[in-house]
Amino acid sequence: LDTPHVALRAISAETVREICALETSHEQLRFVATNSVSIAQAYFEPTAEFRAIYAHEASVGFVMWRADGDASSRFLWRLMIDHRHQGKGYGRIALRLLVEHLQGQGVRQLRLSFVAGEGGPEEFYRAFGFEPTGELLHNGEHVMRLTF
Ligand SMILES: CC(C)(COP(=O)(O)OP(=O)(O)OC[C@H]1O[C@@H](n2cnc3c(N)ncnc32)[C@H](O)[C@@H]1OP(=O)(O)O)[C@@H](O)C(=O)NCCC(=O)NCCS
């Protein structure tokens, strides 16, 4: 999982505190859980997989996904880039790396849900190619999907 400057890497006992210290801006807190909470939730979700996002050898973000019904689909559960590293293209490249990784496993679809609102990630996902399915989850989140 490597391109010249951005890589998805496994989190270890040595790096977990550093990854948990990555954070969004205060205004973005309602759009994504903290990495500590995400890793704790993964402990209870057998299909969860997560990686740290590195850029130029520094940790800059976190991504987590899980099963989504059938083997050809995955659900993007979390994606975040630390507020000090946003807007540099890292989020988009990390997502592309994840899609390539999943393609290698025969996956053909990635779904996600997001919290709508000012400063939220909807436009980021649309620009990447995700399309709304029209589905609204019980928690008020909107579903989007990308096929590849
Ligand atoms: C959403 C997020 C992961 C994007 O990561 P990023 O590294 O800042 O995004 P990139 O720099 O790769 O941006 C790629 C493109 O999306 C656009 N974009 C990024 N965030 C955007 C936003 N919130 N609204 C509109 N456009 C956005 C960028 O302008 C860029 O477009 P361009 O190429 O035309 O300039 C990051 O902003 C983040 O962590 N947000 C808070 C947590 C969150 O909402 N996560 C999603 C939970 S479902």
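Basis of the calculations
Residues numbered from 1 in each chain as written. Predicted model: local features only at pLDDT ≥ 70, side-chain atom pairs only at ≥ 80, totals over all residues. Heavy atoms only, no water. Buried < 20%, exposed > 50% of the residue type's maximum accessible area, 1.4 Å probe, protein only. Helix = DSSP H or I, 4+ residues; strand = E, 2+ residues; numbered from the N terminus. Pairing = 2+ DSSP bridges. Axes fitted to C-alpha atoms, helices over the stretch in contact; angles between N-to-C directions. Contact = heavy atoms within 4.5 Å. Near = heavy atom within 4 Å. Polar contact = N/O pair within 3.5 Å; in protein donor to acceptor, adjacent residues only side chain to side chain. Areas by Shrake-Rupley, 256 points an atom, 1.4 Å probe, with all protein chains shown as cover. Phe/Tyr/Trp six-rings, centres within 6.5 Å; stacked < 30°, edge-to-face > 60°. Lys NZ or Arg CZ within 6 Å of the ring centre and 35° of its normal. Core = buried A, V, L, I, M, F, W, Y, C linked by side-chain atoms within 4.5 Å. Expected span 1.5 Å × (residues − 1). Arc of directions from axis to C-beta.

Caption draft 1: Highlighting the pairing of strand E6 (residues 131–136). The buried fraction of E6 is low, at 0 of 6 residues. As consecutive antiparallel partners, E6 and strand E7 (residues 142–147) are separated by 5 residues, and within that stretch Gly140 has a phi angle of approximately 90°, a positive value.

Caption draft 2: Fine view of the sheet that holds strand E5 (residues 109–114). With mixed pairing, 7 strands are arranged side by side in an open sheet as E1-E2-E3-E4-E5-E7-E6. In this open sheet, the two strands that pair with only one neighbour each are strand E1 (6–9) and E6. Averaged over all neighbouring strand pairs, the angle between strand axes comes to 30°, with direction disregarded. Those strands touched by helix H3 (residues 90–103) are E1, strand E2 (49–55), strand E3 (58–67), strand E4 (73–81), E5 and E7, and its axis lies near 55° from that of E1.

Caption draft 3: Local environment of the site of the ligand. For the ligand, the set of nearby residues contains 21 residues, the closest of which are Leu79, Ile81, Gly89, Gly91 and Arg92. Lys88 is positioned such that a nitrogen or oxygen atom in its backbone is 3.3 Å from an oxygen atom of the ligand. Arg92 is positioned such that a nitrogen or oxygen atom in its side chain is 2.9 Å from an oxygen atom of the ligand. The fraction of the free accessible surface of the ligand (910 Å²) that becomes covered by protein chains is 73%.

Caption draft 4: Here's a closer look at the packing of aromatic side chains. Applying the stated criterion to the full structure yields 5 aromatic pairs. With a centroid separation of 5.1 Å and an interplanar angle of 85°, the aromatic rings of Tyr43 and Phe44 are classed as edge-to-face. Pairwise contacts between aromatic rings join Phe124, Tyr125, Phe128 and Phe130 into one cluster. Here the basic side chain of Arg9 rests over the ring of Tyr54, its NZ or CZ set 4.9 Å away from the ring centre. Directly above the aromatic system of Trp77 lies the positively charged group of Arg66, at a separation of 4.6 Å from the ring centroid.

Caption draft 5: View of the nonpolar core. Counting 26 residues, the largest nonpolar core has Ile53 and Phe130 as its most contacted members. Where this core is concerned, the elements lending two or more residues are E1, E2, E3, E4, H3, E5, helix H4 (122–128) and E7. Judged by nonpolar contacts, the second largest core, of 13 residues, contains Leu22, Ala52, Met64 and Trp77.

Caption draft 6: Spotlight on H3. Taking 1.5 Å of rise per residue, 14 residues should cover 20 Å, and H3 covers 20 Å from first to last C-alpha, within 8% of that figure. The set of residues buried in H3 consists of Tyr90, Gly91, Ala94, Leu95, Leu97, Leu98, Val99, His101 and Leu102.

Caption draft 7: Looking closely at helix H2 (residues 35–42). Turning to H2, its buried residues are Asn35, Ser38, Ile39 and Ala42. Viewed end-on, H2 has its buried residues packed into an arc of 95°, placing them on one side of the element. Looking at the buried positions of H2, the neighbouring elements they touch are helix H1 (16–20), E2, E3 and E4.

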